[in-house]
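Here's the letter readout for the chains.
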Amino acid sequence: MDIQLKKKPWYVRHLSYIITGVAILALIVYVLRLAFSPRHLNIDDNDYTIGEVTEAPFMEYVDVEGIIHPIRTIQINAMESGFVERIVAEEGEMLNAGDTILILSNPELLRTIEDEQIEWQNRQRDYQEQEIAMEQRSITLRQQVLDAQHQISSLDKSLKQSREEYQMGIKSKAELDVLDEDYDYQRKKAQLQLQSLQHDSVANLIKRDMIRANREASSRKLDRSTKRTENLIVRAPISGQLSSLNVSLGQPVGTGASVGEIKVLTEYKVDVSLSEYYIDRITTGLPANISYQETKYPLRISRVYPEVKERNFSCDLLFNADKPSNIRLGKSYRVQIELARPEKAIVIPRGNFYQATSGRWIYCLSSDGKTLRKVDIELGRQNPKQFEVISGLKSGDKVLLSGYDKIGDVDEMTIN
């Protein structure tokens with residue numbers, strides 16, 4: 001006899017489906033909770049740096065490395081060509097203006113000067129001969145005038161006597177006319193000779209001036225040639241340190257060639273290189289300072305070089321007064337260039353949060369000191385130590401400054 005089996009309830013028959021559905025539903029709820037609930041992380045406060053938001057003086061400045069350079073560097077050039085005969089000064093030596101650095105030899109120059117001396121002597125003889133010839137001509141003209149004047153005087157006496165004889169009937173009218181004509185001729189001749197003498201005197205004055213000018217020009221030319229031998233001695237043009245001397249014994253040196261340089265050490269300048277980002281804000285006269293052994297030494301920008309190379313430009317700074325005691329050429333210092341005067345602002349210390357968040361948000365510590373939550377912020381100006389806060393934080397807040405590279409992107413963290 002068959003036994004009728006009792007029908008199982010529906011939930012028993014579909015138990016496997018129910019279990020699978022509940023599991024899927026639980027998974028969906030878990031995923032949704034992860035997606036829509038704040039992401040959370042537990043951290044150890046020993047691994048992170050927390051800083052405080054404060055209202056404090058904020059000064060926008062640039063912190064860069066500065067290199068000490070001399071105030072001026074003077075090139076030493078050879079005024080004459082020649083071969084290096086002797087090197088007197090050594091690199092690094094302190095020199096006074098006019099001190100001998102090296103001596104050149106130039107036999108060809110000496111021969112040229114000797115030839116010009118011979119030429120000068122020949123010209124002096126020519127000038128003397130010209131002056132003697134002019135003097136002799138003047139003497140001859142004066143003698144001719146003197147003779148003519150003497151002859152006129154004699155004719156004048158003879159003419160007076162002939163007129164008396166004519167009145168007495170001793171001489172005829174024809175003889176008196178001959179004497180008159182001869183007297184008139186000699187008088188005119190004497191006048192012409194006197195004019196010739198006057199003209200000769202004026203011409204001699206002009207010629208003497210020309211000879212004197214030529215003689216002086218010739219002497220100056222000889223002096224210049226002779227002084228060229230002095231240029232074979234290369235001297236320091238200014239007092240300072242002979243920083244380089246790039247010649248050796250026997251080396252040929254051309255006219256105007258650079259043989260070294262002198263650094264003027266009466267004053268120093270600081271050379272810095274800045275990002276082109278600051279090129280419109282850096283101007284001459286801006287204040288700056290360097291710190292050494294807890295002492296600040298003020299500087300000012302003296303020159304800005306407008307040329308940009310590899311996205312950077314350079315400027316020079318001068319000390320206002322005192323300088324560090326250990327200052328040396330080539331030594332580097334940290335230089336702070338002030339871009340604006342200090343003013344009150346809400347600030348936070350610098351940290352690597354800026355690299356991770358681009359300054360758009362930061363983790364802020366709760367009042368109980370246990371939880372860090374992400375808050376949106378807006379930052380303004382910055383300097384190497386601080387950021388200016390425009391919005392999102394207030395004085396007294398505490399924020400996470402470092403460790404963002406370990407955290408990732410979570411909305412909330414609990415400090416253990």
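Bear in mind the structure is a predicted one, so any value in this text is a computation, not a measurement.

(A) Region of interest: the overall build of the protein. When helices and strands are tallied, the protein shows six helices and 22 strands. Counting all 416 residues of the protein, 31% fall into the buried class. Working note: accessible area of the protein is about 26,900 Å², and carbon and sulfur atoms make up 51% of it.

(B) Seen up close, the packing of aromatic side chains. Taken as a whole, this structure holds five aromatic pairs when the rule is applied. Seen from their ring centres, F353 and F387 are 5.6 Å apart, and the 65° between their planes marks the pair as edge-to-face. Note that F353 is positioned in helix α5 (residues 353–357) and F387 in strand β20 (residues 386–391), a separation of 34 residues in sequence. Owing to a relative accessible area of 0%, F353 belongs among the buried residues under this scheme. Look at Y354 and F387: their rings are 4.8 Å apart centre to centre, the planes differ by 20°, and that puts the pair in the stacked class. With a gap of 33 residues between them, Y354 in helix α5 and F387 in strand β20 connect regions that are remote in the sequence. For Y354, a relative accessible area of 28% gives the class partly exposed. Over the face of the ring belonging to W361 we find K374, whose NZ or CZ atom lies 4.3 Å from the ring centre.

(C) Here's a closer look at a nonpolar patch on the surface. On the surface, a nonpolar cluster with roughly 280 Å² of combined accessible area is contributed by V202, I206 and M210. A relative accessible area of 48% places V202 in the partly exposed class.

(D) The arrangement of the pattern of salt bridges in detail. Applying the stated criterion to the full structure yields 13 salt bridges. K323 serves as the salt-bridge partner of E267, at 3.9 Å between the closest nitrogen and oxygen. Here K323 lies in the loop between β14 (312–319) and β15 (332–338) and E267 lies in strand β11 (residues 258–275), a separation of 56 residues in the sequence. Between R381 and E388 there is a salt bridge, and its shortest N-O distance comes to 3.0 Å. A relative accessible area of 23% means that R381 is categorised as partly exposed.

(E) Examining the layout of surface pockets more closely. In this structure, the largest pocket spans a volume of roughly 170 Å³. Lining the largest pocket are 14 residues, with E60, Y277, Y278, Q382 and N383 positioned closest to its centre. Of all the secondary-structure elements, those providing two or more residues to the lining of the largest pocket are β4 (61–77) and β19 (378–382).

(F) The arrangement of the confidence of the model for the protein in detail. Mean pLDDT over the protein stands at 82; residues scoring 70 or higher make up 86%. Mean pLDDT per element in the protein: helix α1 (residues 10–13) is the minimum at 56, and β14 is the maximum at 94.

(G) Region of interest: the sheet that holds strand β10 (residues 252–253). Within the open sheet, the four strands sit side by side as β8-β7-β5-β10. Their pairing is antiparallel. Each edge of the open sheet carries a strand with a single partner, namely β8 (233–235) and β10. Bridging between strand β7 (residues 100–105) and β8 involves three bridges; their strand directions are antiparallel. When the bridges of β8 are listed, I103 appears paired with I233.

(H) Spatial organisation of the sheet that holds β20. If you walk across this open sheet you meet the four strands as β3-β16-β20-β19, and the pairing is antiparallel. What marks the edges here is a single partner per strand, and that holds for β3 (54–58) and β19. In this sheet, neighbouring strand axes are inclined to one another by 60° on average, regardless of whether the strands run parallel or antiparallel. Sheet topology note: the β19/β20 ladder contains three bridges and is antiparallel. Looking at β20, one finds that E378 is bridged to S391.

(I) Here's a closer look at the side chain of S366. Along the chain, S366 turns up in the loop between β17 (361–365) and β18 (371–376). Among the residues examined, S366 registers a relative accessible area of 16% and is labelled buried. Side-chain polar atoms of S366 contact the side chain of D368, separated by 2.3 Å. The residues touching S366, leaving out its near neighbours within four places in the chain, are T371 and R373.

(J) The arrangement of the nonpolar core in detail. Ranked by size, the top nonpolar core spans 24 residues in total, and within it V272, L274, I282, L317, V335 and I337 carry the most contacts. Counting only elements with at least two residues in this core, the list comes to β4, β11, β12 (287–292), β13 (295–304), β14 and β15. Excluding residues that lie within four positions of it along the chain, L274 makes contacts with V62, V64, I282, R311, N312, F313, C315 and I337. Residues I348, F353, L365 and I377 belong to the second largest nonpolar core, which totals 23 residues.

(K) Highlighting the environment of L317. With respect to the element layout, L317 can be found in strand β14. Given a relative accessible area of 0%, L317 falls into the buried group. In this structure, the C-alpha to C-alpha distance between L317 and N289, residues 28 residues apart in sequence, is 9.6 Å. Leave out the neighbours within four places in its chain, and L317 touches Y268, K269, V270, V272, A288, L299, R300, I301, S302, V335 and I337.

(L) Up close: the environment of R215. Within the secondary structure, R215 is located in helix α4 (residues 173–227). Classification of R215 as partly exposed rests on a relative accessible area of 22%. Counting along the chain gives 92 residues from R215 to R123, while the straight-line C-alpha distance between them is 7.9 Å. Each residue touching R215, except ones within four places of it in the same chain, is listed here: Q124, Y127, Q128 and E131.

(M) Quick look at unusual backbone geometry. At E294, a residue that is not glycine, the phi angle is positive and equals roughly 65°. Secondary-structure assignment places E294 in the loop between β12 and β13. Backbone geometry places R311, a non-glycine residue, at a positive phi of 70°. Residue placement: R311 occurs in the loop between β13 and β14.

Reading the values: the criteria
Along each chain, the written sequence defines residue order, and numbers are assigned to residues from 1. It should be noted that, the model being predicted, local features are given only for residues of pLDDT at least 70 and side-chain atom pairs only at 80 or more, the latter also being counted only at that level, while totals for whole chains, interfaces and linings use all residues. With hydrogens and water excluded, all non-hydrogen atoms of the structure serve as input to the side-chain values. Elements are defined by DSSP. Helices are runs of H or I of four residues or more, strands are runs of E of two residues or more, and each kind is numbered from the N terminus. A simple rule labels every residue: compare its accessible area, found with a 1.4 Å probe on the protein chains alone, to the largest value its type can have, and call it buried under 20%, exposed over 50%, or partly exposed in between. Method for areas: the Shrake-Rupley scheme with a 1.4 Å probe, in which residue coverage is limited to the protein chains shown. Stacked, edge-to-face and tilted are the three classes for Phe, Tyr and Trp ring pairs, Trp counted by its six-membered ring, which pair at centre distances within 6.5 Å; planes under 30 degrees apart are stacked, over 60 edge-to-face, the rest tilted. Only lysine NZ and arginine CZ atoms are considered, and such an atom sits over a ring when it is within 6 Å of the ring centre and within 35 degrees of the ring normal. Here a patch means residues that are over 30% exposed by relative accessible area and free of salt bridges, tied together within 9 Å if like-charged and within 5 Å if nonpolar (Val, Leu, Ile, Met, Phe, Trp, Tyr). The term salt bridge refers to a pairing of a side-chain nitrogen on Lys or Arg with a carboxyl oxygen on Asp or Glu at a separation within 4 Å. Here a cavity is any set of points on a 1 Å grid over the protein atoms alone where a 1.4 Å probe fits but cannot get out, and a pocket is any open set with protein on both sides within 12 Å along at least 5 of 7 lines; a residue lines the site when it has an atom within 4 Å of a point. Grid points are joined across faces, edges and corners, and a volume is the space filled by probe spheres set on the points. The predictor attaches a confidence to each residue, and that confidence, scored 0 to 100, is pLDDT. By the convention used here, strands pair only if DSSP detects at least 2 bridges between them. Axis geometry follows a simple rule: fit a line to the C-alpha atoms, using only the stretch in contact for helices, then measure angles between N-to-C directions, giving values from 0 to 180 degrees. Polar contact criterion, stated in full: a pair of N or O atoms within 3.5 Å, where within protein one must be able to donate a hydrogen and the other to accept it, and residues adjacent in sequence count only if both atoms are side-chain atoms. By definition, residues are in contact when any of their heavy atoms lie within 4.5 Å. Remark: nonpolar core denotes a set of buried residues (Ala, Val, Leu, Ile, Met, Phe, Trp, Tyr, Cys) joined through side-chain atoms within 4.5 Å.

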